[in-house]
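Observations on the three-dimensional arrangement
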Amino acid sequence: MKSINKSLLNVAAVLAIALVTFAFKGAEKQYAVDVAKTNVKWTGEKVTGSHWGAVKVKEGTLAMDGDQLSGTFVLDMTSIDVKDLEGEYKGKLEGHLKSADFFGVEKFPTAKFEITKAYRQGKEKNEYKVVGKLTIKGITKEIKFPATIDADKNVLTAKATVKVDRTEFDIRYGSGSFFDNLGDKTIYDEFTLDIDLSAKAVAG
């Protein structure tokens, strides 16, 4: 009888631990991207220099479950803005970037990033490796990058610098990888996104 009671107690203990673990694992916190406080800076480089500007986040949702992060956010590609030029030159470059030579925003007005996995790395608790699917011009590719992520019950913030090879998304204009004899008109394949994201907790 004692052995039966002991076995029952062991089973009850295992079930209790499982229930507690499930409860904590299921305590997922939802966040909505605060587009007014989120900034995405782009930088493109060429042989003779570089240009930079901004693109707006249209919407996004994130979820934190323990130290696991998931989520999706959408970029408004029609908002591409050039910050280092003014007047006529600014307008011309913005128009070119929005054209079919580059991001083709008339046909593809948004780009999307979906986090498929994010896990802690490095010495600090807020250092993460983010893996996800980036979709530009209807083409989806996996990208990976480090990020710092901080979250509490009210706000989630994240900062990251992401390198993107534009040629993987069929953006080949001025690319030395596909065209010969471009000389000083060569535009490098990689562009950079500096992301400073803020999200508010969703009541629930």
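What counts as what
Residues numbered from 1 in each chain as written. Predicted model: local features only at pLDDT ≥ 70, side-chain atom pairs only at ≥ 80, totals over all residues. Heavy atoms only, no water. Helix = DSSP H or I, 4+ residues; strand = E, 2+ residues; numbered from the N terminus. Buried < 20%, exposed > 50% of the residue type's maximum accessible area, 1.4 Å probe, protein only. Contact = heavy atoms within 4.5 Å. Areas by Shrake-Rupley, 256 points an atom, 1.4 Å probe, with all protein chains shown as cover. Core = buried A, V, L, I, M, F, W, Y, C linked by side-chain atoms within 4.5 Å. Phe/Tyr/Trp six-rings, centres within 6.5 Å; stacked < 30°, edge-to-face > 60°. 1 Å grid on protein atoms, 1.4 Å probe; cavity = no way out; pocket = protein on both sides within 12 Å on 5 of 7 lines; lining within 4 Å. Points joined across faces, edges and corners; volume = space filled by probe spheres on them. Nonpolar A, V, L, I, M, F, W, Y, C, P; charged D, E, K, R; others polar.

Attention now moves to the overall build of the chain. In terms of regular secondary structure, the chain is built from 2 helices and 9 strands. Taken from N to C terminus, the helices and strands of the chain fall in the order α-β-β-β-β-α-β-β-β-β-β. Within the span of the chain, comprising 204 residues, buried residues form 34% of the whole. A sequence separation of at least 24 residues applies to 57% of the contacts in the chain between residues at least 6 apart. When the accessible surface of the chain is summed, it comes to about 12700 Å², and 54% of that surface belongs to carbon and sulfur atoms.

Take the nonpolar core next. Ranked by size, the top nonpolar core spans 43 residues in total, and within it Leu-62, Phe-103, Ile-136, Ile-149, Leu-156 and Leu-197 carry the most contacts. The dominant element in this core, judged by the number of residues it contributes, is strand E4 (residues 68–82), at 6 residues. Ignoring anything within four residues of it in the chain, the contact list for Leu-197 reads Val-33, Thr-38, Leu-62, Phe-73, Leu-156, Thr-157 and Ala-158.

Under the counting rule described, the total for this entry stands at 4 aromatic pairs. Between the aromatic rings of Phe-102 and Tyr-173, the centroid separation amounts to 5.3 Å while the plane-to-plane angle is 55°, which identifies the pairing as tilted. Of the two residues, Phe-102 is situated in the loop between helix H2 (87–98) and strand E5 (110–120) and Tyr-173 in the loop between strand E8 (155–165) and strand E9 (187–201); the sequence distance between them amounts to 71 residues. Of the residues examined, Phe-102 reaches a relative accessible area of 7% and is grouped as buried. Ring centres 5.7 Å apart and planes at 45° place the aromatic pair Phe-113 and Phe-145 in the tilted group. Taken together, the positions of Phe-113 in strand E5 and Phe-145 in strand E7 (residues 139–151) put the pair 32 residues apart, joining distant regions of the chain. Residues Phe-113 and Phe-145 agree in their burial class; the two are buried.

Time to look at the environment of Met-64. Mapped onto the secondary structure, Met-64 falls in strand E3 (residues 49–65). Spatially, the C-alpha atom of Met-64 lies 8.1 Å from that of Tyr-31, the residues being 33 residues apart in sequence.

A few words on empty space enclosed by the protein. Taken as a whole and assessed by the stated rule, the structure comprises 2 cavities of 30 Å³ or more. Considered as a void within the structure, the largest cavity measures approximately 150 Å³ in volume. Around the largest cavity sit 14 residues that line it, and Phe-73, Ile-115, Phe-145, Ala-158 and Leu-197 are the ones nearest its centre. Taken as a whole, the second largest cavity spans an internal volume of roughly 110 Å³. Lining the second largest cavity we find 13 residues, and of these Phe-73, Phe-113, Leu-134, Leu-193 and Ile-195 sit closest to its centre. The set of elements that each furnish at least two residues to the lining of the second largest cavity consists of E4, E5, E7, E8 and E9. Counting residues per element, the lining of the second largest cavity draws most heavily on E5, at 3 residues. Partitioned by chemical class, the residues of the lining of the second largest cavity number 12 nonpolar, no polar and 1 charged.

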